[in-house]
Structures are given as C-alpha cells and as structure tokens.
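# Structural features, examined
Listed below, chain by chain, are the residues.
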Number of protein chains: 2
Amino acid sequence: MYQFIENGTITSVKGFQAAGIYCGIKKKKRDLALIYSPVECTVAGTFTLNKVKAAPLLVSQAIIKAGGKVKAILINSGNANACTGEPGHQDALDSQAWVAAELGIDPKEVLVSSTGVIGQRLPMPVLKQGIKDIVPIVSPIGGYDAAEAIMTTDTKDKQFAVEIQTSAGSITIGGICKGSGMIMPNMATMLGFLTTDAVIDNQVIKDLLLEAVTHSFNKITVDGDTSTNDMVVLMANGASGIEVVPGTEVYTEFKSGLMGLTREMAKAIIIDGEGATKFVEVFVSGAHSAEDADKIAKTICNSPLVKTAIHGQDANWGRIISAAGYSGAEFDPAEVSIYFDDLAIFLPNYRIVLDEEEALKRLSKTEMKITINVGHGPFSTTWYTCDFSTEYIHINADYRS
Amino acid sequence: MYQFIENGTITSVKGFQAAGIYCGIKKKKRDLALIYSPVECTVAGTFTLNKVKAAPLLVSQAIIKAGGKVKAILINSGNANACTGEPGHQDALDSQAWVAAELGIDPKEVLVSSTGVIGQRLPMPVLKQGIKDIVPIVSPIGGYDAAEAIMTTDTKDKQFAVEIQTSAGSITIGGICKGSGMIMPNMATMLGFLTTDAVIDNQVIKDLLLEAVTHSFNKITVDGDTSTNDMVVLMANGASGIEVVPGTEVYTEFKSGLMGLTREMAKAIIIDGEGATKFVEVFVSGAHSAEDADKIAKTICNSPLVKTAIHGQDANWGRIISAAGYSGAEFDPAEVSIYFDDLAIFLPNYRIVLDEEEALKRLSKTEMKITINVGHGPFSTTWYTCDFSTEYIHINADYRS
C-alpha cells in the first residue's frame with residue numbers, strides 16, 4: 001500500500017539533498033539543478049532512441065550502462081547541449097568534473113542532463129560559476145527549487161513523492177519531471193529524476209524502472225519518437241535499509257508505488273501540455289496484440305484532428321475511428337465501439353448511438369475518457385493526451401526550443 | 001513536351017463532359033459532381049489503405065479491380081458515406097444505379113465517390129433528385145462547376161490541364177482535386193479525378209497512375225496514413241486516337257505530362273492547406289534507401305514543432321534535425337547538413353553556420369525550400385508541406401469532418 005505525500009518531492013526521501021538556482025543560462029529563471037546523495041546509489045536510466053543524442057545524455061548513459069554507482073545529477077535548462085559535436089561533449093565532461101571536484105567525489109559518480117535549445121554551446125564560464133554556487137547550498141528541502149530549475153516551457157513545476165508501507169517498514173520514492181510540447185509528446189524533451197531510500201541491486205532497479213516507464217512516460221512518449229535529450233533516472237541510496245528483492249511482498253509493494261508515482265508524473269506533464277485546456281485518457285481494448293493497442297492509442301492521442309475536435313467540444317467520433325484505421329493496427333471496423341466516459345457513441349455493426357446533448361456534457365468537462373474497443377482480442381492499454389488549442393501555436397511559433 | 005492549358009480542367013479534354021450542382025447535402029454550396037464520357041474509358045484508381053473504408057470507395061474499387069471500363073463518376077461532398085455499414089453500402093449502389101438509369105448505361109460503368117462527415121447516412125431522396133437534375137446538364141464546359149462541387153474545407157477549387165505535344169499529335173490530360181486538412185495530410189480526405197483523350201490499355205493506365213501518384217499525392221499523403229475516402233482515378237477515352245504504349249516516345253511524353261500535372265495538383269492542395277500561410281518544399285538527400293528518405297521527409301513535414309517554427313519565421317533548425325532523428329531512418333548525425341533555400345544553416349561535423357538575418361529573409365517569404373542532406377547514400381526525395389497557424393485550430397475545432 002502506498003500513498004502520496006503532501007508536497008512530496010525528491011528530497012522527501014531520506015538522505016537526498018538538492019538545490020535549484022539561476023546561474024545565467026536562461027534570461028532570468030532558475031536554470032541549474034543538483035541532486036545529491038552523500039551515500040552512493042544504485043541507478044537505472046532510460047534514454048531517448050532518437051538518432052541524434054545530446055552530449056550529456058551520452059555521458060550519463062555510458063556510466064549507467066557500465067553499472068556504475070552514482071552520487072549526483074547535474075541538470076541545466078535553457079540549453080540542450082545537442083548537436084554541439086566534440087566541443088559539446090567536452091563541455092558535458094567538464095561540467096561533470098567540476099561538480100565532482102566541488103563535491104569531492106569521482107566524476108564517474110556524477111550524471112549530467114540538459115534541456116533547452118538545440119545547437120548552441122553551453123556558456124561554460126557561467127555554468128562553472130553556477131556549479132560553485134549550487135554545491136554549497138544543496139539541502140534536504142532543496143527538491144522544490146530543483147523541480148523549478150529543470151522547467152522550460154512548463155507552466156508548473158512537477159514533483160511528487162509516495163510513501164510505501166511494507167511489512168519490513170516504510171520506503172519513500174520521490175520524483176521531479178519536466179515535459180514541454182507534450183501536446184505532441186513525441187517531439188518534446190521529457191526529463192524525470194526519481195529518488196528512493198530502498199535497497200535495490202543494479203539489475204533489479206533497471207527492470208523496475210523500465211517497467212514503470214513503459215506504463216507511464218512511454219504512454220505519452222514512445223520509443224523512437226523522442227527528443228534528443230529525453231531521460232528518466234532512478235537513484236536508490238538504501239537509506240531505509242529495506243531490500244527490494246523480486247518475488248517478495250516488499251517488491252510487489254514497491255513496484256506498485258513506483259508505478260503509481262510515475263503515472264502521476266506522466267499525467268502532470270500532459271495536464272501542463274502547451275496550451276492544453278483538457279486532459280484526455282484514451283483506453284483501447286480488444287486489440288489482437290499489445291503493439292496494436294499501443295498503435296491505436298498513440299495515433300488517436302497524436303491526431304491533430306481528434307485533438308482540435310476535443311478542443312472544440314465536438315463529438316466527432318469519425319475522426320477517432322479514422323485515426324484507428326490508419327494506425328497500422330489490425331482490426332475489423334464492424335467490431336468497433338466508442339465511448340465518451342460512460343456514454344456509448346458508436347457500437348458494433350456501425351450502429352451510431354450518439355446523443356449530441358449527452359456527449360457535449362462529457363466534452364465540456366476538463367477531463368474525459370475516450371474508450372475504443374476494436375474487437376475480441378485480449379490486449380488493452382491506456383494512454384494520456386490533451387486537446388490542441390491555438391495557444392500551442394503561439395507558444396511554439398514564438399519559443400525557440 | 002507538355003504545357004499547362006490556361007484555365008484547364010477535366011472538360012478541356014476532348015469527349016469529356018461534367019457538371020457540378022447544389023442538391024442539398026451541404027447547407028448551401030455545390031455538393032454534387034458528375035463526370036461523363038459517352039465513349040467508354042479504360043480506368044485506373046488508387047485508394048486509401050485505411051482499415052476503415054467508405055462504402056463508395058469499396059464499390060468503385062471493385063469495378064476497377066475487375067478491369068471494368070467506365071463512362072461516369074458521381075462525386076458528392078458534405079457526407080463521406082463512411083462507417084454507415086450495410087445500409088450505406090446499399091446507398092452507394094443505389095446512387096450508382098440511378099446515375100446509370102438516367103444516362104442509359106450499365107451501373108458497372110459508373111464509379112461513385114464521397115467526401116465529408118463520417119458516420120451519417122446520405123440523404124437519399126435529395127441525392128436521387130440531384131442525380132435527375134445533374135445528368136441533363138453535363139457539358140464540355142462543366143469541369144469548373146464539378147471542381148467546385150467536390151470541395152469541403154478547401155478555400156479554392158483546384159483544376160488543371162496539360163497539352164502534350166507528341167510526334168503522333170496532341171494529347172490532353174485534365175484533373176480536378178480536393179484536399180482539406182492538408183497541414184497534417186495523413187488525416188485528410190484527398191480526391192483526384194483525371195481525364196485524358198489518349199488511348200491506353202488497362203494495365204498500362206494502372207502502371208502510369210500508380211507512378212504519378214507515388215511522386216505527387218503520396219508525397220503529401222502516404223500509404224497507410226490516409227482517410228476513409230481517399231481516391232485518385234484516371235479515365236482514358238481514347239478520343240485523340242493516339243496510343244500510349246510502353247517503350248515509345250509517346251509514352252515518355254505522356255508520362256512526363258501526367259507527372260507534371262499531378263505534381264501541380266498536389267502542390268495546389270498544400271497551398272490551400274487549412275490555415276496555411278507558407279508553402280514549404282522539403283528535399284532530403286544522401287539517404288541509404290528510398291524508404292529512409294521518405295521517412296525523414298514525411299516526419300519533418302508532419303512535425304508540428306517544425307511547422308509552428310516556420311509559421312513564426314524562426315530559424316529553428318534543431319527541430320528539423322530532431323525530427324529526422326526520430327523518423328526511424330538510419331543516418332549519422334555528424335554527416336547532416338541543412339539549408340534554407342540556398343543558405344547553409346548547419347554543416348557536417350556539427351558546424352553551425354546560421355546567419356539569423358539571412359535566414360529570416362528566406363523564412364519571411366511565402367515559399368521556401370528546406371534541404372537536409374543526411375550522408376552519402378544515393379537516395380533523395382522531395383515532399384511538400386505548409387506551416388501550422390492558429391487558423392488551422394479554428395477550422396478543425398469548428399468544422400465537423
């Protein structure tokens with residue numbers, strides 16, 4: 001059993017410190033975050049599959065791949081350090097080394113991460129000073145500032161923590177994330193940093209994070225359709241003394257808490273989608289394979305015609321079935337049914353049962369669920385998206401990301 | 001050698017008649033078109049690969065697949081006759097039979113096509129009267145009205161004709177088309193109807209149309225990513241007496257004219273894209289396969305982040321390389337170069353040579369070309385797209401398609 005901690009964040013977890021400051025990469029908002037555990041942590045990470053990978057991502061990925069243990073993560077916003085070639089790679093290594101020197105730890109114990117404009121070198125003197133400034137002020141209440149410092153076009157910081165009651169005692173997991181442009185999530189940079197005081201070995205933590213990400217962030221951002229900088233990292237410092245071992249009850253409880261936390265983080269990203277006015281859950285059932293279910297859900301979630309219809313509160317189910325039709329999934333259109341919340345709109349054998357007035361009641365809410373059943377297959381999935389407003393155009397025509 | 005005929009349309013071709021009227025499917029605009037050749041025509045068609053196929057599309061596809069010859073095409077706008085089940089299929093067959101009866105020809109000589117709202121039955125009494133009204137008024141100058149009658153959210157009718165000079169004499173090809181929502185072309189209904197007075201046998205006409213569509217409409221609308229109703233049809237009545245036989249000079253001339261005509265039609269659809277203010281040509285070169293070139297071009301053309309940047313006249317090449325990166329194509333980012341028209345922006349080995357002022361000159365024009373070279377492969381492609389404006393949201397939030 002787990003529950004969300006009020007005002008929970010990464011530093012709600014025993015033994016983790018953090019800070020977030022303005023150092024001068026952005027024009028005026030906080031742009032540098034540091035997460036620190038004096039005790040070394042096992043770590044797992046998932047990274048973008050974009051062919052074009054940012055320098056800090058490559059540096060961090062190599063450490064995690066090699067099975068290294070880490071103590072710190074440095075994150076800057078305002079500059080992605082992507083498409084910056086060998087000099088950019090050196091910048092990432094330099095910033096890693098500076099953090100290590102200030103903290104008195106090994107550079108290999110420091111992960112680095114960036115988000116912001118592509119194709120510009122980091123302002124290194126400014127960053128160097130920022131690292132000098134941020135290290136002394138990391139604290140057990142610094143998670144809030146860190147959550148703010150990783151934002152780009154986000155309008156709200158996103159931070160959560162859960163407390164998990166197990167037979168062996170209490171474990172905490174905290175998380176901060178940022179995601180912009182999430183109306184078409186496949187093109188935005190999404191960063192997520194998770195901390196826990198559980199004791200988890202290096203292989204188990206990888207499996208747990210992968211499964212959690214698959215059912216949360218990957219339902220809004222999918223493998224292969226990601227930005228140059230996407231990464232999600234989970235650090236475990238073991239401060240609770242409680243071991244998470246597969247096959248035990250503690251493992252099941254921990255996994256459930258991690259899944260709940262990451263799903264909430266993913267939802268927060270969607271709700272803060274650029275220009276979003278409505279949160280939409282898309283539930284696909286009856287698919288012949290998990291892949292088909294995901295294809296249908298993803299295509300509906302990404303369809304500008306569906307998203308603009310939702311924005312206009314138009315019960316345009318034709319756009320939903322058409323998107324399913326070109327998703328590449330196998331199904332028989334004669335078996336399709338569509339619901340808005342609990343309201344049937346379209347039933348098998350092309351029976352249209354749309355009640356415009358009742359549909360409008362669902363569409364005029366700020367949260368709604370679209371269900372599409374495509375047959376008798378055993379596979380289903382839930383994805384999240386939001387509507388598509390004129391505000392999105394303004395944000396992305398005017399902001400250089 | 002071919003040239004465009006001023007004010008050319010489908011009835012610029014010898015032996016073809018047409019008409020376009022208002023019959024009552026839409027609120028007030030023309031909504032019914034008929035194309036007619038008293039002489040039977042060989043015919044080719046390409047059809048949507050969407051799993052959900054509209055009834056008229058299935059009826060027409062069956063005739064063309066069976067190698068039938070045809071004399072007429074009936075097209076209505078305002079109602080797609082899609083997701084209407086068995087009754088909708090019968091409606092398509094009935095309208096086909098009514099046209100045949102009025103013209104005194106076989107129902108199998110009549111193709112049917114629809115575009116508009118999904119999931120509503122056609123108003124059959126209104127359509128029946130419309131067919132009675134339209135048949136007597138088909139004429140050799142009716143192409144203009146027909147082009148207007150097939151429009152939905154199109155702001156302009158789209159009609160062209162080319163005259164091809166061959167050693168055997170002159171051949172004409174005419175075409176009308178409609179395409180709405182072409183900012184994300186993969187979700188819009190695209191219809192195209194082509195007429196020619198060449199003599200072309202049934203297999204040759206199929207090959208020619210397929211190749212022309214591949215290099216024109218399919219560079220804006222791709223297999224598998226199409227609406228429920230998409231179709232392009234080419235009818236040849238042989239009135240010129242000139243045979244188009246593979247391996248001959250006439251064949252080469254004809255093909256060149258057909259390709260030029262369909263490319264112009266495809267471009268007209270993009271230029272009329274919903275809310276579009278800029279026409280963008282995307283040229284991808286250096287790819288390892290034709291498929292990779294198409295993946296990259298398509299992903300760039302469909303990226304809302306790229307399209308909003310172009311709308312905002314922002315030289316945001318980072319979004320272009322990022323879209324290429326998640327397209328699924330194989331390439332080495334270190335080999336990528338990007339140009340706006342003739343202006344280099346980004347060169348191999350991550351050299352950024354962007355001159356903001358010069359870039360703005362290109363971006364502020366209403367037509368521009370983005371070139372992205374991704375390596376040393378032999379494959380290239382040209383796609384077409386437009387920018388993404390707030391107007392698009394208004395159109396699609398308010399219009400039920």
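Residues numbered from 1 in each chain as written. Chains lettered and ligands numbered in written order. Predicted model: local features only at pLDDT ≥ 70, side-chain atom pairs only at ≥ 80, totals over all residues. Heavy atoms only, no water.

### Remarks on the packing of aromatic side chains
All names here are of chain A. Cut-off, in case you're wondering: To pair, rings of Phe, Tyr and Trp, with the six-membered ring standing in for Trp, must have centres within 6.5 Å; the planes then decide the type, stacked if under 30 degrees apart, edge-to-face if over 60, and tilted in the middle. Secondary structure elements follow DSSP: runs of H or I of four or more residues count as helices, runs of E of two or more count as strands, with numbering from the N terminus. With a 1.4 Å probe rolled over the protein chains alone, any residue whose accessible area is under 20% of its type maximum counts as buried; one over 50% counts as exposed, and the rest are partly exposed. Definition used: whenever NZ (Lys) or CZ (Arg) falls within 6 Å of the ring centre and also within 35 degrees of the ring normal, the charge is taken to sit over that ring.
Applying the stated criterion across every chain yields a total of ten aromatic pairs over all chains. Plain terms: the ring middles of Trp317 and Phe346 are 4.4 Å apart, the flat faces sit at 20° to each other, and that makes the pair stacked. With Trp317 in helix H9 (residues 317-325) and Phe346 in strand S12 (residues 343-347), the pair connects residues that are 29 residues apart, well separated along the chain. Each member of the pair Trp317 and Phe346 is classed as buried. One aromatic cluster in this structure is built from Tyr2, Phe4 and Phe160. Taking NZ or CZ as reference, Lys369 lies 5.0 Å from the ring centre of Phe283, over its face.

### What to know about the domain arrangement of chain A
Rules: Those domain boundaries reflect an automatic or database domain assignment.
Along its sequence, chain A is carved into domain 1 (2-271) and domain 2 (279-397). Centre-to-centre separation of domain 1 of chain A and domain 2 of chain A, based on C-alpha positions: 32 Å.

### Side note on the environment of B:Asn81
Residues and elements named next belong to chain B. Convention followed: Here a residue-residue contact requires only that any non-hydrogen atoms of the pair lie within 4.5 Å. Any pair of N or O atoms that falls within 3.5 Å is considered a polar contact. Within protein, one atom must be able to donate a hydrogen and the other to accept it, and sequence-neighbouring residues count only if both atoms are side-chain atoms.
Its location among the elements puts Asn81 in the loop between strand S4 (70-79) and helix H2 (85-103). Along the backbone, Asn81 and Thr228 are 147 residues apart, and their C-alpha atoms lie at a distance of 9.5 Å. Other than its neighbours up to four places away in sequence, Asn81 contacts Ala54, Ala55, Pro56, Gly88, Asp91, Ala92, Ser114, Val117, Gln120 and Leu122. Among the polar contacts listed, one links the side chain of Asn81 to the side chain of Thr84, at a separation of 2.7 Å.

### Topic: the confidence of the model for chain A
Residues and elements named next belong to chain A. Going by this rule: The pLDDT score gives, residue by residue, the confidence of the prediction method on a 0 to 100 scale.
Looking at chain A as a whole, its pLDDT mean stands at 91, while 94% of the residues score no less than 70. Across residues 182-187, confidence stays below pLDDT 50; counting only partners more than four residues off in sequence or on other chains, it has 36 contacts. Both scores are available for the predicted complex, with the pTM at 0.83 and the ipTM at 0.78.

### Quick word on the environment of A:Met151
All names here are of chain A. With respect to the helices, strands and loops of the structure, Met151 is situated in the loop between helix H4 (143-149) and strand S6 (158-166). Separated by 26 residues in the primary sequence, Met151 and Cys177 have C-alpha atoms spaced 8.2 Å apart. Excluding residues that lie within four positions of it along the chain, Met151 makes contacts with Lys26, Ser77, Lys156, Asp157 and Lys178.

### Concerning the sheet that holds S12(A)
Residues and elements named next belong to chain A. Here is the rule we go by: Between any two strands, at least two bridges found by DSSP are needed for them to pair. Interaxial angle, 0 to 180 degrees, is taken between N-to-C directions of lines fitted to C-alpha atoms, where a helix line uses only the stretch in contact.
The six strands are arranged S13-S12-S11-S14-S10-S15 in an open sheet whose pairing can be described as mixed. The open sheet has two edge strands, strand S13 (351-352) and strand S15 (379-386), and neither has a second partner. Direction of pairing for strand S10 (residues 279-287) relative to strand S14 (residues 367-373): parallel, over a ladder of seven bridges. Its bridge partner being in S14, Val280 is matched across the sheet by Met368. The strands touched by helix H6 (residues 249-271) within the sheet are S10 and S15, with S15 carrying the most contacts at an inclination of about 40°.

### A short note on the pairing of strand S11 (residues 337-340) of chain A
All names here are of chain A. Taken together, the four bridges between S11 and S14 define a ladder with antiparallel strand orientation. Note that in S14 the partner of Ser337 across the bridge is Asn373. Relative to S12, S11 runs antiparallel, the two sharing three bridges. Paired with Tyr339 across the two strands is Ala344, which belongs to S12. Hairpin geometry of S11 and S12 is characterised by an intervening segment of two residues between the two adjacent antiparallel strands and by a positive phi of about 50° at Asp341.

### Considering the side chain of B:Asn202
All names here are of chain B. Residue position: Asn202 is located in helix H5 (residues 202-214). Polar side-chain contacts of Asn202 include one of 3.0 Å to the backbone oxygen of Gly67. With sequence-adjacent residues up to four places away left out, Asn202 is seen in contact with Thr42, Val43, Gly67 and Gly68.

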